[in-house]
Amino acid sequence: MRIVVLTGGIGGARFLVGVRAHARSIGADVTAIVNVGDDVRMHGLQICPDLDSVMYTLGGAADPERGWGRVGETWVVKEELAKYGVEPSWFGLGDSDTATHLVRTTMLNAGYPLSAVTAALCERWQPGITMLPATDDRLETHVVVDVDGERKAIHFQEWWVRHRGEVPTHNFVFRGADAAKPAAGVLDAIAGADVVLVAPSNPVVSIAPILAVPALREAVTAGPAPVVGVSPIIGGSPVRGMADKCLATLEVEVSAGGVGRMYGPRAEGGLLDAWLVDTSDEGAEVPGVRTRAVPLWMRDEAATARMVADALELAR
Ligand code: GDP
Ligand code: CA
């Protein structure tokens, strides 16, 4: 069996730990198609937060408390940059992490596509799944905000990390998406999939930028594999992160039903055949989509693997 997962960073990475565990138990293989909208160049380094969250988490090297970056990280480079007074100073650039960005940037500068760079980095981390960026082309999420009395578009990282999403926010724009092509391997993975799972990642800034790549969206929505989504909202709140702020900006109800309806039924040009919600959200209404309620707290690997088994059952 072949499982494809559309995923963002921290939430998606936790989900993938469960996908990998369940896949091992049934002899399935897993391909993650990872959001690149958060990617940003800082201090000359190409940083891919979601790819790194997935890679470090599955490689057993993620910081469990912070949720991103490396466990046991040190911050000498960041402190030294601050002493030079160079901006941006609000971005957390860890020392061990910096080595990853150096390898990545060197390879990109030498002409390798991001998908090949990701494969090379994964030789060290052995995530146990295939990791693909959604696209090898440049695609960045920008956020239309009002700051200092001025309306402008800022990079997603500036909105998220610097402003904590706490500025008047009007829209999210996926720059470069229209011209972006799926990364090498993405279309083959989707065409060969027995099921496509949508991780309980942020629907607005993790899943939407993946689906903003036109040929990728087309492959998923018109493909042969059933698409099953897992709700990132439990009982009206995002478990971690700021999905509520993102959804509110788009005037989408912050609920399992609200996100399910936003994705919409595949039969009507949407994304989903089926939608897994938490037991506390039983009765969430998503017309045209098969819905089932099971526990969705990703407490540990075993609990998450059970969610995945439920998602696969719902796909049948
Ligand atoms: P990011 O790219 O690092 O922001 O991470 P993702 O977009 O992949 O995932 C973030 C989302 O995961 C959050 O918006 C939460 O709604 C969701 N999330 C986090 N923990 C859980 C959990 O235990 N269960 C469920 N169902 N969703 C979760
Ligand atoms: Ca992210």
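All residue numbers refer to positions counted from 1 along the written sequence of the respective chain. Throughout, the order in which chains and ligands are written sets their labels, letters from A for the former and numbers from 1 for the latter. Only residues with pLDDT of at least 70 get local features here, since the model is predicted, and only at 80 or more are side-chain atom pairs given and counted; chain-wide, interface and lining totals rely on the full set of residues. Working from all heavy atoms in the structure, the side-chain values ignore hydrogens and water.

Visitor: Describe the packing of aromatic side chains, listing the residues and the values that go with them.
Guide: Ring pairs are drawn from Phe, Tyr and Trp, using the six-membered ring of Trp, whenever the two centres fall within 6.5 Å, and their geometry is named by plane angle: stacked under 30 degrees, edge-to-face over 60, tilted for the rest. On inspection of all chains with the given rule, the structure shows 8 aromatic pairs. Seen from their ring centres, W90 and F91 are 6.2 Å apart, and the 80° between their planes marks the pair as edge-to-face. Ring centres of F156 and W160 lie 5.3 Å apart, and the angle between their planes is 35°; on these two criteria the pair is classed as tilted. With F156 and W160 both in helix α6 (residues 156-162), this residue pair falls 4 residues apart, about one helical turn. Burial classes: relative accessible area under 20% of the type maximum marks a residue as buried, over 50% as exposed, and values in between as partly exposed (1.4 Å probe, protein chains only). Assessed through its relative accessible area of 2%, F156 is described here as buried. Under the scheme used here, helices are H or I runs from DSSP no shorter than 4 residues and strands are E runs no shorter than 2 residues, and both carry numbers assigned from the N terminus.

Visitor: Account for the site of ligand 1, naming residues and giving values.
Guide: Neighbouring residues of ligand 1: 20 residues in total, closest I10, S201, S206, P232 and R240. Between ligand 1 and the protein, one listed contact pairs a nitrogen atom with a backbone N or O atom of S231 at 2.8 Å. Think of a polar contact as two N or O atoms within 3.5 Å of one another; within protein, one of them needs to be a possible hydrogen donor and the other a possible acceptor, and neighboring residues in sequence only count if both atoms come from side chains. Take R240: an N or O atom from its side chain is 2.4 Å from a nitrogen atom of ligand 1. Relative to its unbound accessible surface of 590 Å², ligand 1 loses 94% to contact with the protein. The element best represented in the shell around ligand 1 is helix α1 (residues 10-26), accounting for 3 residues. Residue polarity follows a fixed list, in which Ala, Val, Leu, Ile, Met, Phe, Trp, Tyr, Cys and Pro are nonpolar, Asp, Glu, Lys and Arg are charged, and the others, Gly among them, are polar. In the shell around ligand 1, the residues fall into 10 nonpolar, 8 polar and 2 charged. By convention in this text, a residue qualifies as near a molecule or strand provided that one of its non-hydrogen atoms is within 4 Å of it. Here, Shrake-Rupley sampling with a 1.4 Å probe gives the accessible areas, and only protein chains in the shown set may cover a residue.

Visitor: Could you give me a rundown of the environment of W275, with the residues and numbers involved?
Guide: Mapped onto the fold, W275 is located in strand β13 (residues 274-277). Along the primary structure W275 and A120 are separated by 155 residues, whereas in three dimensions their C-alpha atoms are 34 Å apart. Among the polar contacts made by the side chain of W275, one reaches the main-chain carbonyl oxygen of A256 at a distance of 2.9 Å.

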